[in-house]
Amino acid sequence: MRQPVWFACGDTGLLLDFSGYGPSLGASPLSAENRAGLTRKARQLGQMIKQRVDTGQAEGITDIVPGLCSVLIHYDPLIITSAAIKQQISLFLDQLDETAESPAPLWHLPVCYGGTFGPDLDEVAKRTNLSPEEVISRHTSCMLEVAIMGFLPGLGYMTGVDEALYLPRRSEPRTFVAQGSVGIAMDQTVIYPLDSPGGWNLIGKMPIPLFDQARDTPILFAAGDKVRFYPVGEDEFAELAASCADGHLPLSPVLSEEAG
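Residues numbered from 1 in each chain as written. Predicted model: local features only at pLDDT ≥ 70, side-chain atom pairs only at ≥ 80, totals over all residues. Heavy atoms only, no water.

1. Remarks on the pattern of salt bridges
Tallied over the entire structure, the rule returns eight salt bridges. Here Arg43 ties to Glu145 by a salt bridge, and the two come within 3.1 Å at their closest N and O atoms. Here Arg43 is found in helix 1 (residues 32-54), whereas its partner Glu145 is found in strand 6 (residues 144-149), with 102 residues between them in sequence. The two residues Arg43 and Glu145 agree in class, both being buried. Salt-bridge contacts for Glu145 lead to Lys226; the nearest nitrogen and oxygen are separated by 3.5 Å. Highlighted residues: Glu145 in strand 6 and Lys226 in strand 13 (residues 226-231), separated in sequence by 81 residues. Each member of the salt-bridge network shares a partner with another, and the members are Arg40, Arg43, Glu145 and Lys226. (Salt bridge = Lys/Arg side-chain N within 4 Å of Asp/Glu carboxyl O. Helix = DSSP H or I, 4+ residues; strand = E, 2+ residues; numbered from the N terminus. Buried < 20%, exposed > 50% of the residue type's maximum accessible area, 1.4 Å probe, protein only.)

2. Thoughts on the environment of Val232
Relative to the elements of secondary structure, Val232 occurs in the loop between strand 13 and helix 5 (234-242). The spatial distance from the C-alpha of Val232 to the C-alpha of Pro4 is 43 Å, given a sequence separation of 228 residues. In contact with Val232, other than residues within four places in its own chain, are Pro110, Val111, Cys112 and Phe237. (Contact = heavy atoms within 4.5 Å.)

3. Topic: the environment of Glu134
Tracing the backbone shows Glu134 in helix 4 (residues 132-141). Separated by 30 residues in the primary sequence, Glu134 and Ala164 place their C-alpha atoms 10.0 Å from one another.

4. Thoughts on the side chain of Asp187
Relative to the assigned elements, Asp187 resides in the loop between strand 9 (181-185) and strand 10 (188-191). Here Asp187 falls in the buried class, since its relative accessible area comes to 3%. Excluding its chain neighbours within four sequence positions, the residues that come into contact with Asp187 are Ala32, Arg35, Met158, Thr159, Gly160, Val161 and Tyr166.

5. A short note on the side chain of Arg174
Relative to the elements of secondary structure, Arg174 occurs in strand 8 (residues 174-177). Here the side chain of Arg174 touches Asp120 through a polar contact of 2.8 Å, side chain to side chain. If we skip the residues at most four places from it in the chain, Arg174 touches Pro119, Asp120, Pro197, Gly198, Trp200 and Leu202. (Polar contact = N/O pair within 3.5 Å; in protein donor to acceptor, adjacent residues only side chain to side chain.)

6. What about the packing of aromatic side chains?
Using the criterion set out here, one finds three aromatic pairs in the structure. Judged by centre distance (4.5 Å) and plane angle (35 degrees), the rings of Phe117 and Phe237 are tilted. Remark: Phe237 occurs in helix 5 and Phe117 occurs in the loop between strand 5 (105-113) and helix 3 (121-128); sequence separation between them is 120 residues. Residue Phe237 is classed as buried on the basis of its relative accessible area of 9%. (Phe/Tyr/Trp six-rings, centres within 6.5 Å; stacked < 30°, edge-to-face > 60°.)

7. Comments concerning the nonpolar core
In this structure, Leu109, Met158, Ile191, Met206, Phe221, Val227 and Phe229 are the most contacted members of the largest nonpolar core, which totals 31 residues. At the level of elements, strand 5, helix 3, helix 4, strand 6, strand 9 and strand 13 are the ones that each hand at least two residues to this core. Element by element, the count of residues in this core is highest for strand 5, at four residues. (Core = buried A, V, L, I, M, F, W, Y, C linked by side-chain atoms within 4.5 Å.)

8. Quick word on the state of the cysteines
Scanning the entire structure with this criterion turns up zero disulfides. Cys244 takes part in no disulfide bond, and the closest cysteine sulfur, belonging to Cys112, lies 15 Å away. The exposure class of Cys244 is buried, given its relative accessible area of 7%. (Disulfide = S-S within 2.5 Å.)

9. Regarding unusual backbone geometry
Leave glycine aside and you will find that most residues have negative phi; peptide bonds, for their part, are mostly trans. Look at Asn129: it is not a glycine, yet its phi comes out positive at around 60 degrees. Tracing the sequence through the fold places Asn129 in the loop between helix 3 and helix 4.

What follows is the structure, given as structure tokens:
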């Protein structure tokens, strides 16, 4: 059992790392499954702290940022000390359950794989000893979980990729990756919400914007959401992309427990 480790982040932040990496970095690497469980644990703790802050039971905490296996707590040192925060949060730790999965929104998202939309698909197939069709099949067969949000508005790091597709990031990142590009690296998938540089292995493109200021809710995902992909051709991709004009969202999620 790994014990959480506290780290000071300047004079106004505390990081609680559930992965158990102490100053000596002596802990063995986590498996993807264990990391996903600890990320859920960190998210649960963030929700508990937020509830106390919202109800006025935890003064001095200014922000809570759940991460991969960690929670970063920003605080006002004129109101509360780091020692007091550690004492309060220690009371929550026994209540956390990394195996617990609450019903969550499940997004079925279309992807056009390969070609100009997925320029690395053939290379991914070669490096994993699979055919391009098998790469697509394995990528669409898994239920993914949005572990954390970050890097760009709307970008969710989705864990749960088939082990056969585990690859490092590209050795030479691209200076330009188009909005909607779907990439894989390690045990994760991302969809680029905006045009940006990027080093992930690009296998397709998703036509629904993850970030659209014209929508009532600009960001599609939240941490804890579930995602399944399904393949579409170029014609259907173009139709779906066109249907997103003026902030329209042509799809909606279902509860993951309803999807079976």
